Amino acid sequence: MLNYLWGGMILIAVVYGAITGKAEAVGNAALSSSKEAVELSIAMLGVMALWTGIMKIAQASGLTGKLIKRMRPVLRFFFPDVPADSKANEYIATNMIANILGLGGAATPFGLKAMEELQKLNVAKGGKREVASRAMCTFLILNISSLQMIPVNIIAYRSQYGSVNPAKIVVPAMVTTLFSTLVAAVFVKIMGRKEKTQ
Amino acid sequence: MSVLVYLSDFCIPLLLFYMIVYGLMTKTDIYKEFTEGAKDGFSVTLGILPTLIGLMTGVGMLRASGFLETLSEFLAPVAKMLFFPAELVPLVVVKLFSASAATGLLLDIFKEYGPDSYLGTVTSLICASTETIFYTMSVYFMAVGVKKTRYTLAGALTATAAGVAVSTFLGGML
């Protein structure tokens with residue numbers, strides 16, 4: 001995907017720049033942008049390290065584990081066809097909590113494990129391997145609706161580009177995230193019900 | 001709307017307070033855990049640096065060539081009908097495929113218009129509340145060999161559209 005997206009950006013920039021007579025500006029932008037990326041990363045090191053440090057405390061103190069357990073009723077509601085003793089529950093909960101806390105990198109491995117478990121359940125119930133089960137669709141739609149509560153990286157970018165109040169967007173972002181997740185929740189519930197009646 | 005900003009000011013300090021209190025109450029070795037965790041932050045940040053260099057260069061060149069402005073002008077009539085700022089259309093489209101490429105565009109918006117401007121605020125909210133649909137779907141479904149994804153795409157697009165709509169609305173009020 002990025003091969004075309006990134007390649008396309010550069011090719012279009014060079015060709016379009018040549019046509020509009022801005023070849024020099026394009027060349028300068030290439031050099032200054034790469035430098036800027038490094039400066040940005042250095043500025044971000046602090047915020048990101050602070051965040052992962054605090055989240056390590058949450059993990060070590062058992063707070064994240066407690067949150068994962070609290071997810072049970074939520075999972076019952078969204079995944080009625082996943083048995084309570086399935087390992088999928090724990091993986092889904094861990095993935096969701098990691099996403100909520102903004103630890104995207106930690107979320108993906110658990111998400112993939114959850115998918116594997118859901119696939120086992122799917123096959124055990126006589127479903128086809130290449131067709132997504134209801135639980136898989138629900139899991140991915142909720143995941144894609146974005147669950148992150150505090151957008152740390154956005155706050156860091158805002159502060160780097162001179163925002164007067166970088167954290168101004170925290171609560172509005174929560175409202176937005178909650179709303180998109182709510183829409184996703186209604187969607188999967190409606191689709192799930194349709195499936196049952198069929 | 002200033003209430004939302006007011007509450008935002010408290011979020012991070014409160015969160016830090018809560019984590020420390022919880023850590024102390026459970027007798028966790030908080031300082032050791034913190035420094036260890038902070039080390040991970042380095043590898044995360046430095047890990048994305050090559051991507052950031054590549055994509056900020058791409059977007060920077062596009063902006064300098066004047067292509068992004070032309071594209072926005074071209075998209076303006078359609079965007080206007082949807083009450084959506086044309087300058088942000090490329091970002092929303094790119095975000096469906098790649099989070100890092102969208103970050104490149106987000107930073108470009110911050111540079112051009114400032115993070116506290118209307119466009120800057122709306123972009124912040126959009127990037128904070130949406131995920132990369134096609135990337136996530138392909139990674140998760142490919143891992144288990146699913147080819148028919150049924151209503152997943154429709155649901156993901158609906159949720160994303162809702163997120164973008166609320167971002168635009170709230171961004172206008174802040």
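Below you will find a few notes about this structure. All values derive from a computational prediction rather than experimental measurement.

**Some words on the overall build of chain B**
In step 1: The helix and strand inventory of chain B stands at 8 helices and 0 strands.
In step 2: Counted from the first residue to the last, chain B has its helices and strands arranged as α-α-α-α-α-α-α-α.
In step 3: For chain B, the spread of C-alpha atoms along the three principal axes comes to 60 × 50 × 35 Å.
In step 4: The buried share of chain B, taken over its 174 residues, is 52%.
In step 5: In chain B, the share of contacts with a sequence separation of at least 24, taken over all contacts with a separation of at least 6, comes to 61%.

**Examining the environment of Glu130(A)**
Residue and element names in this part refer to chain A.
In step 1: Looking at the secondary structure, you find Glu130 in the loop between α6 (104–124) and α7 (134–144).
In step 2: Judged by its relative accessible area of 34%, Glu130 is partly exposed.
In step 3: In sequence terms Glu130 and Gln119 are 11 residues apart; their C-alpha atoms lie 9.4 Å from each other.

**Brief notes about the packing of aromatic side chains**
In step 1: Summed over all chains, the structure comprises 9 aromatic pairs over all chains.
In step 2: Consider the rings of Tyr91(A) and Phe110(A), whose centres lie 6.5 Å apart with planes at 35°: the pair is tilted. Remark: Phe110(A) occurs in helix α6 and Tyr91(A) occurs in helix α5 (residues 88–100); sequence separation between them is 19 residues.
In step 3: Measuring from ring centre to ring centre gives 6.2 Å for Phe187(A) and Tyr151(B), while their planes differ by 50°; the resulting arrangement is tilted. Separated into two different chains, Phe187(A) in helix α9 (residues 170–197) and Tyr151(B) in the loop between α7 (133–143) and α8 (152–173) make up a pair that spans both. With respect to class, Phe187(A) is no different from Tyr151(B); both count as buried.
In step 4: The aromatic ring of Phe77(A) is capped on one face by Lys189(A), whose charged end is 4.2 Å from the ring centroid.

**What to know about the layout of surface pockets**
In step 1: Of the volumes computed, that of the second largest pocket is approximately 380 Å³.
In step 2: Lining the second largest pocket are 18 residues, and of these Leu67(A), Ile100(A), Leu101(A), Met149(A) and Leu15(B) lie nearest its centre.
In step 3: For the lining of the second largest pocket, the elements supplying multiple residues, two or more each, are α2 (23–60), α3 (63–70) and α5 of chain A together with α1 (2–25) of chain B.
In step 4: The greatest single-element share of the lining of the second largest pocket, amounting to 5 residues, is contributed by α3(A).
In step 5: Considering only residue class, the lining of the second largest pocket consists of 15 nonpolar, 1 polar and 2 charged.

**Looking at the pattern of salt bridges**
One side chain can pair with another of opposite charge once the charged atoms of both are near each other.
In step 1: Under the definition given, this model contains 7 salt bridges over all chains.
In step 2: Ionic pairing is found between Arg63(B) and Glu69(B), a salt bridge with its closest N-O pair at 4.0 Å.
In step 3: With relative accessibility at 14%, the residue Arg63(B) sits in the buried group.
In step 4: When salt bridges with common partners are traced through the structure, they connect Lys56(A), Glu33(B) and Glu36(B) into a single cluster.

**Re the interface of chain A and chain B**
In step 1: At the junction of the two partners, chain A supplies 95 residues and chain B supplies 94 residues.
In step 2: Each partner contributes to the roughly 8100 Å² buried at the junction of chain A and chain B, and carbon and sulfur atoms together form 77% of this total.
In step 3: For the pair chain A and chain B, the number of links is 4 salt bridges.
In step 4: For Lys111(B), the salt bridge goes to Glu36(A), with nearest N and O atoms at 3.2 Å.
In step 5: Between chain A and chain B we count 24 residue pairs in polar contact (both at pLDDT 80 or more) in total.
In step 6: Counting only elements with at least two residues in the side of chain A that touches chain B, the list comes to α1 (2–19), α2, α3, α6, α7, α8 (152–160) and α9 of chain A.
In step 7: In terms of residue count, the dominant contributor to the side of chain A that touches chain B is α2(A) (25 residues).
In step 8: Taken together, the residues of the side of chain A that touches chain B sort by class into 60 nonpolar, 24 polar and 11 charged.

What counts, and at which threshold
Residues numbered from 1 in each chain as written. Chains lettered and ligands numbered in written order. Predicted model: local features only at pLDDT ≥ 70, side-chain atom pairs only at ≥ 80, totals over all residues. Heavy atoms only, no water. Helix = DSSP H or I, 4+ residues; strand = E, 2+ residues; numbered from the N terminus. Buried < 20%, exposed > 50% of the residue type's maximum accessible area, 1.4 Å probe, protein only. Contact = heavy atoms within 4.5 Å. Phe/Tyr/Trp six-rings, centres within 6.5 Å; stacked < 30°, edge-to-face > 60°. Lys NZ or Arg CZ within 6 Å of the ring centre and 35° of its normal. 1 Å grid on protein atoms, 1.4 Å probe; cavity = no way out; pocket = protein on both sides within 12 Å on 5 of 7 lines; lining within 4 Å. Points joined across faces, edges and corners; volume = space filled by probe spheres on them. Nonpolar A, V, L, I, M, F, W, Y, C, P; charged D, E, K, R; others polar. Salt bridge = Lys/Arg side-chain N within 4 Å of Asp/Glu carboxyl O. Buried area = accessible area lost by both parts, 1.4 Å probe. Polar contact = N/O pair within 3.5 Å; in protein donor to acceptor, adjacent residues only side chain to side chain.

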